[in-house]
Amino acid sequence: MKNKFLKISIAASFLVSVSTLNVACNNDTLEEKEYKGAFAGDNFFRNEQECFFGLVGTYDVMRKYAGGFENMVTFFNAASDDFYAGGGSATDGAGIQGASSFQINPTTMPASYWRDYYQGIARANALILNAPNASMDETLKQRFISEAKTLRAMYYFDLLRVFGNIPLILKPFEATDDFYNVPQVAAAQVYAQIEKDLTEALPNLPMTVSGEQKGRLTQGAAKALLGKVYLYQNKKAQAAAQFADVNGTPGGTSQYGYKLLTSYDDLWKAGVALGGTADPYEFTSESIIEASHSDQGKSDWGFWGQGKDEGNSICVMSAPRSYNRISQTNPANNAPDIVSGWAFNTVTTDLFNFMQSDPRVNATILNMNALKAQGKADYAYKDTGYFLNKFMPTSDKKSTLGVTELNYRQNYMVIRLADTYLMEAEALNGTGSRAQALLDAVRARVGLASVPVSMQAIKDERRRELAGEGHRFFDLVRWGEASTKLASKGFVAGKNEIMPIPLGELTGTILKQNPGY
């Protein structure tokens, strides 16, 4: 990641190049082509260095959350009731526009949401199968395998949330395998494998990491993910038990070193580019699973979004178009020094109103309406006038290497402590003294008084605390509230809870399209 991991991640990403379950179709005729996922494991994973390269390549897929135009956060923000797709026009990015209006179909659904995660799974499978024969320290070997199992569990969990009906593949394909005829399995079977992977991984993961190992998975990370997996299956008692281990005493420091940051605003800062020192705003005490990004990868348009870029794309995507900071007499009253962007994920008026009087509103929402009315700033695109501020590309996040727009270094927290506090409170059914203490701790961090704990209070707190971080759509679906909250955007119950399987992944295979698509 931005350490020893990051330095070799680009090279490692080429080691296990996989496009699982994908075939080419030309005029309705299948083209025979070599399957790139057939990996000769006996010629690799022979020693610690090769296993480490394979592990880094498996971690590399975590950039799917915030890297490239087709990232998870902006796509599923757009599918929620808190954001629109935005962009330059209603046709700017067919996938994200379709997600926002629920007009997405198998043709416009970006294939990368399927392929990228299966690529990560294939890399994990190769390491898990071949690392046992490597010549290296046994304890370290088991740690590598456990990290790969945790990553495989995470990628399968995301595939389930996005597509629902997926194949379960647990070994690398051989050149002789019939990879066109791998069936989908019941979600329960995939969940069972996810639970198995995480349970097996736990004993061999470290309690904590430090220095150049920051960003690697720990026991706390695996437990947090397992708790989330249980919660999504409504296994609330099991979920609460995992989260309790992760969270410890609400507001205190847990056994894994997790603690809420004192300042909510510090969650969204990034260090000065090329500073040469550790960034105090990445891998903080609140971060449980964090996807790393860098301004040192020299990402360029030629390979942006193809798994070789290192920057956080949410930054440029969510900034206002043609942003113009108008000079003021008093520098203290100047508009923010941000960089012009592409205006995706414009904030709904409903979220803006919901966040009013909340101390987190300014960290969450950039109010261009107010800045324009005050004569402090202007911008080009006409929309709600409200923009996601958590990933706003300010001057201290700019890169001097590669294309500036593609090289923002701000990391993305896949799971953070305030999230697990609220998930544990939910798993406790929003009742009892511990659920109250968990809710209070999240609110106290931003100076808010206690409110009586309830499921509705927890849901409201999740919306405010985690706004714009890609969770809201999935929350609404698992709560059974999507059909109501998203009706005005075109959501159809029984269909839009999951996305269509991309057409190219179906052609020539036995895979079945999701209902309604």
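Position numbers for residues start from 1 in each chain and track the written sequence from start to end. Side-chain atom pairs in this predicted model are given and counted only at pLDDT of 80 or more, local residue features only at pLDDT of at least 70, and totals for whole chains, interfaces and linings cover all residues. Excluded from the side-chain calculations are hydrogens and water; all other atoms, namely the structure's heavy atoms, are used.

A. Geometry of the overall build of the protein. For the protein, the helix and strand inventory stands at 19 helices and 10 strands. Buried residues are those whose accessible area, probed at 1.4 Å on protein chains only, stays under 20% of the maximum for their type, while exposed residues exceed 50% and partly exposed ones sit between those limits. Here the protein holds 517 residues, and the buried ones make up 59% of them. Computed with a 1.4 Å probe, the accessible areas rest on the Shrake-Rupley method; for each residue, only the protein chains presented here act as cover. For the protein, the exposed area adds up to about 19300 Å²; of that, 50% sits on carbon and sulfur atoms. Helix and strand definitions follow DSSP, with helices as H or I runs of at least four residues and strands as E runs of at least two, each counted in order from the N terminus.

B. Main features of the packing of aromatic side chains. Ring geometry is summarised as follows: Phe, Tyr and Trp rings, the Trp one being its six-membered ring, pair when their centres sit within 6.5 Å, and such pairs are stacked at plane angles under 30 degrees, edge-to-face over 60 and tilted between the two. As enumerated under the stated definition, the model contains 25 aromatic pairs in all. With a centroid separation of 5.1 Å and 80 degrees between ring planes, the pair formed by F44 and F45 is classed as edge-to-face. F45 matches F44 in its accessibility class, with the two residues each being buried. Taken together, the aromatic side chains of Y65, Y117, Y155, Y264, W268, F391 and Y412 make up a single cluster linked through ring pairs. The ring of F474 has R161 lying over it, and the distance from NZ or CZ to the ring centre is 4.1 Å. Only Lys NZ and Arg CZ are tested; either one counts as a charge over a ring when it is within 6 Å of the ring centre and within 35 degrees of the ring normal.

C. Quick look at helix 7 (residues 187-201). Between its first and last C-alpha atoms helix 7 spans 21 Å; for 15 residues at 1.5 Å apiece the expected length is 21 Å, and the two agree. Restricting attention to buried positions, one finds in helix 7 the residues V190, Y191, Q193, I194, E195, D197, L198 and A201. The elements touched by buried residues of helix 7 are helix 6 (138-163), strand 3 (166-167), strand 4 (184-185) and helix 8 (219-232). Here the expected length of a helix is defined as 1.5 Å per residue gap, with one fewer gap than residues. Contacts are assigned to residue pairs with any non-hydrogen atoms lying within 4.5 Å of each other.

D. How the structure looks around helix 2 (residues 48-59). With 12 residues, helix 2 should reach 16 Å at 1.5 Å per residue; the first-to-last C-alpha distance of 16 Å fits that figure. With 9 of its 12 residues buried, helix 2 lies for the most part within the structure. What helix 2 keeps buried is the set E50, C51, F52, G54, L55, V56, G57, T58 and Y59.

E. Here's a closer look at the confidence of the model for the protein. Looking at any residue, its pLDDT shows the predictor's confidence there, from 0 to 100. Here the protein shows a mean pLDDT of 89. Residues at 70 or above account for 87%. pLDDT under 50 marks residues 6-38. Its contacts with residues more than four places away, or in other chains, come to 79 contacts.

F. The packing of helix 6 against helix 8, seen in detail. Following both chains from N to C, one finds helix 6 and helix 8 inclined at 30 degrees, their axes separated by 11 Å at the closest point. Classified by the interaxial angle, the pair formed by helix 6 and helix 8 is roughly parallel. Considering the relative orientation of helix 6 and helix 8, their crossing is left-handed. The residues of helix 8 that touch helix 6, namely those facing T150, A153, M154, F157 and R161, are A222, L225, K228, V229 and Y232. Looking at the contact of helix 6 with helix 8 residue by residue, the class counts come to 7 nonpolar, 1 polar and 2 charged. Axis definition: a line fitted to C-alpha atoms, over the contacting stretch in the case of helices. Angles run 0 to 180 degrees between N-to-C directions. Each angle is binned into one of four classes, with values under 35 degrees roughly parallel, values over 145 roughly antiparallel, values of 65 to 115 roughly perpendicular, and all other values oblique. We call a crossing left-handed when the near helix sits turned anticlockwise from the far one by less than a right angle, and right-handed when that turn is clockwise. Throughout, the ten residues Ala, Val, Leu, Ile, Met, Phe, Trp, Tyr, Cys and Pro are labelled nonpolar, Asp, Glu, Lys and Arg are labelled charged, and all others, Gly among them, are labelled polar.

G. The arrangement of the environment of A94 in detail. With respect to the element layout, A94 can be found in helix 4 (residues 94-101). The partly exposed category is assigned to A94, whose relative accessible area is 47%.

H. Highlighting the pattern of salt bridges. For this analysis, a salt bridge means a side-chain nitrogen from Lys or Arg found within 4 Å of a carboxyl oxygen belonging to Asp or Glu. The final tally for this structure, using the stated rule, is 40 salt bridges. K269 serves as the salt-bridge partner of D266, at 2.8 Å between the closest nitrogen and oxygen. Take D266: its relative accessible area is 21%, and that puts it in the partly exposed class. Between R462 and D419 there is a salt bridge; the shortest N-O distance is 2.8 Å. With R462 in helix 16 (residues 455-465) and D419 in helix 14 (residues 417-427), this residue pair connects regions lying 43 residues apart in the sequence. For the pair shown, R462 and D419 are each scored as buried. Beyond isolated ion pairs, a larger network of salt bridges with shared partners links E286, D358, R360, K390, R416, R443, R445, E461, R464, E465 and E469.

I. Region of interest: the pairing of strand 5 (residues 287-291). Counting buried positions over the 5 residues of strand 5 gives 5, a clear majority of the element. Being paired, for any two strands, means DSSP has found at least two bridges between them. Note: strand 5 against strand 10 (residues 412-416), 4 bridges, orientation antiparallel. When the sheet's bridge partners are listed, I289 is paired in strand 10 with I415.

J. Expanded view of the nonpolar core. By size, the foremost hydrophobic cluster in this structure holds 140 residues, and its most contacted members are Y156, F163, I194 and I289. Looking at this core element by element, the count peaks at 13 residues for helix 6. Only buried Ala, Val, Leu, Ile, Met, Phe, Trp, Tyr and Cys residues count toward a nonpolar core, and they belong to the same one when joined by side-chain atoms within 4.5 Å. The next biggest cluster of nonpolar side chains, apart from the first, holds 12 residues, and it includes A343, L366, M368 and Y379.

K. Quick look at the environment of E200. In this structure, E200 sits in helix 7. We classify E200 as partly exposed; its relative accessible area is 32%. Along the backbone, E200 and I145 are 55 residues apart, and their C-alpha atoms lie at a distance of 9.8 Å. Other than its neighbours up to four places away in sequence, E200 contacts S146 and K149.

L. Here's a closer look at the packing of helix 14 against helix 16. Relative to each other, helix 14 and helix 16 sit at 165 degrees, their axes nearing to 10 Å. Comparing their axes, helix 16 and helix 14 come out roughly antiparallel. Considering how the two elements wind past one another, helix 14 and helix 16 form a crossing that is left-handed. On helix 16, the residues that touch A418, D419, L422, M423, A425 and E426 of helix 14 are M455, I458, E461, R462 and E465. When its residues are assigned to classes, the contact of helix 14 with helix 16 shows 6 nonpolar, no polar and 5 charged.

M. Structural view of the environment of G504. For G504, the position within the fold is in helix 19 (residues 503-506). Spatially, the C-alpha atoms of G504 and P106 are 8.4 Å apart, while their sequence positions differ by 398 residues.

N. Spotlight on unusual backbone geometry. Positive phi, normally seen in glycine, also occurs at F102, with a value near 55 degrees. Along the chain, F102 turns up in the loop between helix 4 and helix 5 (112-130). Residue F102 is classed as buried on the basis of its relative accessible area of 3%.

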